[in-house]
Amino acid sequence: YIYLNGNNIMELNDGVFAGLPNLRQIDLSYNKFKELSGKPFAGANALTHIYLHYNNITSLDENVFAGLNNLTAIYLYNNKIERLSGGLFNGLNALTQIYFQSNNIKHVGLGIFDELILTHAYFQYNYCVNKYASNSNQQSFALIQHLETNCTDSELTTTTTMIPTTLETTST
């Protein structure tokens, strides 16, 4: 585990953690990132948890988490992210938990959850991200066991018919 939280870090070079093949968790919260680009986590293939909450991240490159086959949880809450591209989680088959509360998410890319079996997905205090997901994400949403949004029940039922009635959703 590496704690690098609260160090005013603004950017990460590609492969900066590659020399740490047994690194399982990294805490980069409370820094000053505005974007995550390139492949800063390349070579740190044992990573299971990445903590990036309370930064100023507005954008994530589609391949920023590429190759992290053991990653199970990403904490990106309390940032300023507006868009999640469709390929952001490609190849992250172990990913089960995503935390995106308190961002500015307005768009969720098509097929973003296609390869995942999420147990928890947190999107509270964003724009109602469900209404931006199209019917092509139907199977993806069906696999999420616990989804939390700040959408009202009427928004969930009238704008997103793909969310199954057995899905536990909560509105906060």
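Residues numbered from 1 in each chain as written. Predicted model: local features only at pLDDT ≥ 70, side-chain atom pairs only at ≥ 80, totals over all residues. Heavy atoms only, no water.

Caption draft 1: Structural view of the overall build of the chain. Scanning the chain from N- to C-terminus turns up two helices and 12 strands. Listing the helices and strands of the chain from first to last along the sequence gives β-β-β-β-β-β-β-β-β-β-α-β-α-β. Counting all 172 residues of the chain, 45% fall into the buried class. In the chain, the proportion of contacts linking residues at least 24 apart, taken out of those at least 6 apart, comes to 51%. Summed over its atoms, the accessible surface of the chain is roughly 8100 Å², and 46% of this surface lies on carbon and sulfur atoms. (Helix = DSSP H or I, 4+ residues; strand = E, 2+ residues; numbered from the N terminus. Buried < 20%, exposed > 50% of the residue type's maximum accessible area, 1.4 Å probe, protein only. Contact = heavy atoms within 4.5 Å. Areas by Shrake-Rupley, 256 points an atom, 1.4 Å probe, with all protein chains shown as cover.)

Caption draft 2: Structural view of the side chain of Ser29. Of note, Ser29 is situated in the loop between β2 (25-27) and β3 (35-36). A polar atom in the side chain of Ser29 sits 2.5 Å from the side chain of Asp27. Not counting residues up to four positions away in its chain, the partners in contact with Ser29 are Leu4, Asn5, Gly6, Tyr51, Leu52, His53, Tyr54 and Asn55. (Polar contact = N/O pair within 3.5 Å; in protein donor to acceptor, adjacent residues only side chain to side chain.)

Caption draft 3: Focus on the nonpolar core. The biggest cluster of nonpolar side chains holds 39 residues, and the ones touching the most others in it are Phe41, Leu52, Phe65, Phe89, Phe100 and Phe113. Listed in part, the five residues of the second largest apolar core include Tyr51, Ala73, Tyr99 and Tyr122. (Core = buried A, V, L, I, M, F, W, Y, C linked by side-chain atoms within 4.5 Å.)

Caption draft 4: Spotlight on the packing of aromatic side chains. Applying the stated rule across the entire model yields 13 aromatic pairs. Ring geometry for Tyr75 and Tyr99: centres 4.4 Å apart, planes at 10°, overall stacked. On the criterion of sequence distance, the pair formed by Tyr75 in strand β6 (residues 73-75) and Tyr99 in strand β8 (residues 97-99) is long-range, its members being 24 residues apart. As far as the burial class goes, Tyr75 and Tyr99 line up, both buried. An aromatic cluster is built from Tyr1, Tyr3, Tyr51, Tyr75, Tyr99 and Tyr122, whose rings are joined through pairwise contacts. (Phe/Tyr/Trp six-rings, centres within 6.5 Å; stacked < 30°, edge-to-face > 60°.)

Caption draft 5: Layout of the confidence of the model for the chain. For the chain, the average pLDDT comes to 82, and 77% of its residues sit at 70 or higher. Segment residues 152-172: pLDDT under 50, and 45 contacts once partners within four positions in sequence are set aside and those in other chains are kept. (pLDDT = per-residue confidence, 0-100.)

Caption draft 6: Spatial organisation of unusual backbone geometry. In this structure, Asn8 takes a positive phi of about 60° despite not being glycine. At Ser102, a position not held by glycine, the phi torsion is positive, near 55°. Tracing the backbone shows Ser102 in the loop between β8 and β9 (107-108).

Caption draft 7: A look at the side chain of Asn55. With respect to the element layout, Asn55 can be found in the loop between β4 (49-51) and β5 (59-60). For Asn55, a relative accessible area of 5% puts it in the buried group. In terms of polar contacts, Asn55 uses its side chain to reach the backbone amide nitrogen of Lys32, at 3.3 Å. In this structure Asn55 touches Leu28, Ser29, Tyr30, Asn31, Lys32, Phe33, Asn78 and Asn79, once residues within four positions along its chain are discounted.

Caption draft 8: Seen up close, the environment of Asn5. Mapped onto the elements of the fold, Asn5 is located in the loop between β1 (2-3) and β2. Residue classification places Asn5 among the partly exposed residues on the basis of a relative accessible area of 33%. In the structure, Asn5 is positioned 24 residues away from Ser29 in sequence and 4.7 Å away in space, judged by C-alpha atoms. Setting aside its immediate chain neighbours within four residues, Asn5 contacts Asp27, Ser29, Tyr30 and Asn31.

Caption draft 9: Up close: the environment of Arg24. In this fold, Arg24 is placed in the loop between β1 and β2. Residues Arg24 and Thr48, spaced 24 residues apart in sequence, show a C-alpha to C-alpha distance of 5.2 Å. When sequence neighbours within four positions are dropped, the list of residues in contact with Arg24 reads Ala46, Leu47, Thr48 and His49.

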